[in-house]
Amino acid sequence: QVQLVESGGGLVQPGGSLRLSCAVSGGTFSTYSAGWFRQAPGKDREFVARITFLSGTLYAPSVKDRFTISRDNAANTVYLQMKSLKPEDTAVYYCAAVQGYGGTAVKSWDSWGQGTQVTVSS
């Protein structure tokens, strides 16, 4: 397992943009897949996006064409660029990592950050 620390959350108006960052330590980041999940109050944690160690990406349909996941192996960091934000994007966003491939299920990831709050409201 590795240690993950998210940053970049905050309050943004509908239609606005935010970039989340996740700093990874304690492992060889280039061999890990990284992902973003989110959890709204009263709801289950859900998959948002994933980038493999080969930089293959996958997005949830609800964020495709609005969110972009990327990674910088030299900086041991994964990013989530979010644009055209909607109130329904409001949630705590969690970074996750797993060596090899990670899927859309929460159980397929073994390292988690503490989360960062994203609130989309006017």
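Please refer to the structure higher up on the page.
The structure contained in this document is the topic of the report that follows. (Residues numbered from 1 in each chain as written. Predicted model: local features only at pLDDT ≥ 70, side-chain atom pairs only at ≥ 80, totals over all residues. Heavy atoms only, no water.)

Remarks on unusual backbone geometry
Positive phi outside glycine occurs at Asp 65, with the angle close to 80°. By the secondary structure assignment, Asp 65 is in the loop between β6 (57–59) and β7 (67–72). When its relative accessible area of 67% is taken as the criterion, Asp 65 is described as exposed. A positive phi angle is found at Asn 76, which is not glycine, with a value near 50°. By relative accessible area, which is 28% here, Asn 76 ends up partly exposed. (Helix = DSSP H or I, 4+ residues; strand = E, 2+ residues; numbered from the N terminus. Buried < 20%, exposed > 50% of the residue type's maximum accessible area, 1.4 Å probe, protein only.)

Points about the environment of Tyr 32
In this structure, Tyr 32 sits in strand β4 (residues 32–39). It is 18 Å that separates the C-alpha atoms of Tyr 32 and Gln 114, two residues lying 82 residues apart in sequence.

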